[in-house]
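# An overview of the molecular structure
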Amino acid sequence: SPFGSRLYYIITNFQTGTILGGHITITNIILNAIMIPLWGIKGAAAATLITQIFTNFIVPSFFKDIRIIVKYIIQAFLLKGVFRIK
């Protein structure tokens, strides 16, 4: 989640997180401005989904120090280690 990513930035004193947060917010606003007039509430949902994918998967993969976040997010999404089948 974006909160988890931001928490990681705070813990590791990774200042780029603040800059990226601003750019990601602007990206979401632009996508909303384009998609809402075209598709209404579905456009807003699509803009948010695109922004979340960008924030949680694309951006962290460009930075070596936070690349591991993508792995953890995928593992959490797949519930890896939550259920143990015997």
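Only a predicted model underlies this, so the values are computations on that prediction, with no experimental measurement involved. All residue numbers refer to positions counted from 1 along the written sequence of the respective chain. Local features are withheld for residues below a pLDDT of 70 in this predicted model, meaning they are given only at 70 or higher, and side-chain atom pairs are given and counted only at 80 or more; totals for whole chains, interfaces and linings count all residues. The side-chain values count all of the structure's non-hydrogen atoms but skip hydrogen atoms and water molecules.

## Side note on the overall build of the protein
Secondary structure is summarised from DSSP: a helix means a run of H or I of at least four residues, a strand means a run of E of at least two, and numbering begins at the N terminus for each. Broken down by element type, the protein carries 4 helices and 0 strands. Going residue by residue from the N terminus, the α and β elements of the protein occur as α-α-α-α. Exposure classes here rest on a 1.4 Å probe applied to the protein chains alone. A residue is buried below 20% of its type maximum, exposed above 50%, and partly exposed in between. Out of the 86 residues in the protein, the part that is buried amounts to 26%. When checking whether two residues touch, look at their non-hydrogen atoms; a contact exists if any pair is within 4.5 Å. Considering only contacts within the protein whose residues lie at least 6 apart along the sequence, 42% involve residues at least 24 apart. Values of accessible area rely on a 1.4 Å probe in the Shrake-Rupley scheme; residue burial ignores everything except the protein chains shown. Counting only carbon and sulfur atoms, one obtains 72% of the accessible surface of the protein, whose full area is about 6500 Å².

## A few points about the environment of Ile 36
Locating Ile 36 in the fold gives a position in helix 2 (residues 16-39). For Ile 36, a relative accessible area of 38% corresponds to the partly exposed category. Note: C-alpha distance between Ile 36 and Ala 46 (10 residues apart in sequence) is 9.2 Å. If sequence neighbours within four positions are ignored, Ile 36 has contacts with Gly 43 and Ala 44.

## Notes on the confidence of the model for the protein
pLDDT expresses, on a scale from 0 to 100, how confident the predictor is about each individual residue. Averaged over the protein, the pLDDT score is 78; the fraction of residues at 70 or greater is 72%. The lowest-confidence element of the protein is helix 1 (residues 2-12), averaging 54 in pLDDT; the highest-confidence one is helix 3 (residues 41-58), averaging 90.

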